[in-house]
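# Working through the structure, step by step
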Amino acid sequence: MPTAKLILDDTTVELPVIVGTEGERAIDIRKLRAQTGYITYDPGLANTGSCQSSITFIDGEAGVLRYRGYAIEDLVEHSSFVEVCYLLIYGELPTRAQLEQFQDRLTHHSLLHEDMKKFFEGYPPSAHPMSVLSAMVASLSTYYPDSTDPEITELNMIRLLAKLKTIAAFSYKKSIGQPYIYPRNDLSYTADFLHMMFAVPSEPYEVPPLFEKVLDVLLILHADHEQNCSTSTVRMVGSSGADLFASISAGISALSGPLHGGANQAVIQMLEAIREDGGNYQKYLEKAKDPNDPFRLMGFGHRVYKNFDPRARLIKKLVDQVFNEMGINDPLLEIAQKLEEAALKDEYFIERKLYPNIDFYSGILYRAMGIPTNMYTVLFAMGRLPGWIAQWKEMREDPHTRIYRPRQIYQGSTHRPYVPIDQRG
Ligand code: CMC
């Protein structure tokens, strides 16, 4: 087994090296503190492998993303989102019979307990659907408690996958004051969600097949992304033994931030601001480059991808296809294209290897489908759900899992005498 040598003071410590199946190398520092008294410092955990996983592989330099070994390009072309959910959670692509049974279970668990409808009434109409989603997922554990029985744990995974789209659509209906539309078992997972979003009881609604296909592809592209912020949150919360619903509710909250999933909403808000500002995208590019301005170009940059984001490439192709097929024209698309073109030629972005990420063009597609801006991150959560579930399951089944409990380097006051209140000031 290869080892790494670390020289600390006068001692040399040998640390084991772990090699992944795709050749990545990691220095195993599990015994570092016990052997040396030292810890490591890595804010944002950018150089820290927090687990060994067999779910998703990313090569950030080459722009590669694979789920369980399958390239996302192949999955997008040949699989449905439900098939990808099965793949991520169970590790293999399903046979036809396995897929049918899985689909059947997903449709038969999609109703919410009727009492849960009352929860939606308690939120203000202005509530962000991501906050509602996180709260509703946390409340599922009151109906479906955790168990040591693996069959119940697995059933809870199915329940969550089946019900998340119902919760998402109900939160939208509540926010616009329309009646809830119940799930329909004759529709595909994606069509069912679109139907619950857009149908009203007073007339029939046919889900446009193009929207069903586009959304299915978008969900596949969001389905997992190894140890990103929300997934690490799911694993961290789950590492304490917290149940699936609590862990994933925390993951949804982590995803809501503008540096993570919330970026898809922020991109459209940024493009709208540029349009209202007379289309002056150059001004926003300059703002993004100004070290004294906190503004960042939303939908640009990535912790791992340093060449291109393969999801962004596929989404951009989809944008062209959908806009051609629908014959629509969106001024925000034109601004986005100009902004991208200018950024890719700009030294600041080139030097820092900043490229459009998955969120740059996804909002443009959601807009074309008539999905309101504050639902974009909810769709990200729907797509990411099978990844969170798979990662939570892997974490629970991994004998090496320990409760997440990082260390710190304390930089505060050293011990000082207590000052009584009348002697302070
Ligand atoms: N606009 C302008 N400058 C940027 C941007 C940006 N979007 N992203 C990074 N930079 C600069 C940053 O200021 C820093 O410059 P300097 O070296 O001069 O200080 C350098 O690039 C490195 O950035 P960083 O913040 O150290 O990189 P990170 O890996 O910690 O952050 C990121 C990654 C995605 C949070 C960041 O690129 C960002 O804030 N992007 C905009 C938000 C966004 O689109 N988020 C979605 C990410 S993809 C989907 C997802 O994960 O949810």
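You'll find the chain entered in an unreviewed UniProt entry as Citrate synthase, with Rhodothermus marinus given as the organism. Check the Pathway (unreviewed entry) section of the UniProt entry for the chain; it says "Carbohydrate metabolism; tricarboxylic acid cycle; isocitrate from oxaloacetate: step 1/2." Among the UniProt annotations of the chain, the heading Sequence similarities (unreviewed entry) holds the following wording: "Belongs to the citrate synthase family."

All right, on to the UniProt feature "active site" (unreviewed entry) in the chain then. Feature annotation in UniProt assigns "active site" (unreviewed entry) to the following positions: His302 and Asp359. Separation in sequence by 58 residues is not matched in space for these annotated residues, since their most distant C-alpha atoms are only 10.6 Å apart. Counting through the fold element by element, His302 comes out in the loop between helix 13 (281-289) and helix 14 (310-326). Leaving out residues up to four positions away in the same chain, His302 has contacts with His225 and Arg311. Within the local environment of His302, its side chain forms a polar contact with the backbone nitrogen of Val304, the two atoms lying 2.9 Å apart. Mapped onto the fold, Asp359 is located in helix 17 (residues 358-368). What Asp359 contacts, discounting residues up to four positions off in sequence, is His260, Gly261, Ala263, Asn264, Val267, Gly299 and Phe380.

Residues Tyr67, Leu160, Phe193, Ile248, Leu271, Leu297 and Ile364 are the most contacted members of the largest nonpolar core, which totals 115 residues. The biggest single contributor to this core is helix 18 (residues 376-397), with 12 residues. If you count residues domain by domain, this core takes at least three from each of domain 2 (69-256) and domain 3 (262-369). If near-sequence neighbours (up to four positions away) are discounted, Leu160 is found in contact with Val137, Leu140, Leu244, Phe245, Ile248, Leu385 and Ile389.

So, about the packing of aromatic side chains. The final tally for this structure, using the stated rule, is 18 aromatic pairs. Taking 5.3 Å as the distance between ring centres and 85° as the angle between the ring planes, the aromatic pair formed by Tyr86 and Phe102 counts as edge-to-face. In this pair, Tyr86 is assigned in helix 3 (residues 81-90) and Phe102 in helix 4 (residues 96-108), connecting sequence segments 16 residues apart. For the pair shown, Tyr86 and Phe102 are each scored as buried.

Close to the ligand lie 21 residues, the nearest being His260, Arg296, Leu297, Gly299 and Arg303. At 3.4 Å, a backbone N or O of Gly261 approaches an oxygen atom of the ligand. A distance of 2.9 Å separates a nitrogen atom of the ligand from a polar backbone atom of Phe300. Computed on the free molecule, the ligand has an accessible area of 930 Å², of which 72% lies beneath the protein chains in the complex. Split into classes, the residues belonging to the shell around the ligand amount to 11 nonpolar, 6 polar and 4 charged.

This paragraph deals with the sheet that holds strand 6 (residues 70-71). Spatial ordering of the open sheet is given by 4-5-6, a layout of 3 strands whose pairing is antiparallel. Both edges of this open sheet fall to strand 4 (56-59) and strand 6, since each of them pairs with a single strand only. By the bridge criterion, 2 bridges tie strand 5 (residues 64-67) to strand 6 in an arrangement that is antiparallel. Within strand 6, the residue paired with Tyr67 across the bridge is Tyr70.

Its place among the elements puts Thr21 in the loop between strand 2 (11-19) and strand 3 (25-27). Look at Thr21 and you get exposed, because its relative accessible area is 88%. Sequence separation between Thr21 and Ser54 is 33 residues, and the spatial gap between their C-alpha atoms is 9.1 Å.

Cut-offs used in this document
- Residues numbered from 1 in each chain as written.
- Predicted model: local features only at pLDDT ≥ 70, side-chain atom pairs only at ≥ 80, totals over all residues.
- Heavy atoms only, no water.
- UniProt positions renumbered as here; feature names shortened; annotations may be inferred.
- Helix = DSSP H or I, 4+ residues; strand = E, 2+ residues; numbered from the N terminus.
- Contact = heavy atoms within 4.5 Å.
- Polar contact = N/O pair within 3.5 Å; in protein donor to acceptor, adjacent residues only side chain to side chain.
- Core = buried A, V, L, I, M, F, W, Y, C linked by side-chain atoms within 4.5 Å.
- Buried < 20%, exposed > 50% of the residue type's maximum accessible area, 1.4 Å probe, protein only.
- Domains from an automatic or database assignment.
- Phe/Tyr/Trp six-rings, centres within 6.5 Å; stacked < 30°, edge-to-face > 60°.
- Near = heavy atom within 4 Å.
- Areas by Shrake-Rupley, 256 points an atom, 1.4 Å probe, with all protein chains shown as cover.
- Nonpolar A, V, L, I, M, F, W, Y, C, P; charged D, E, K, R; others polar.
- Pairing = 2+ DSSP bridges.

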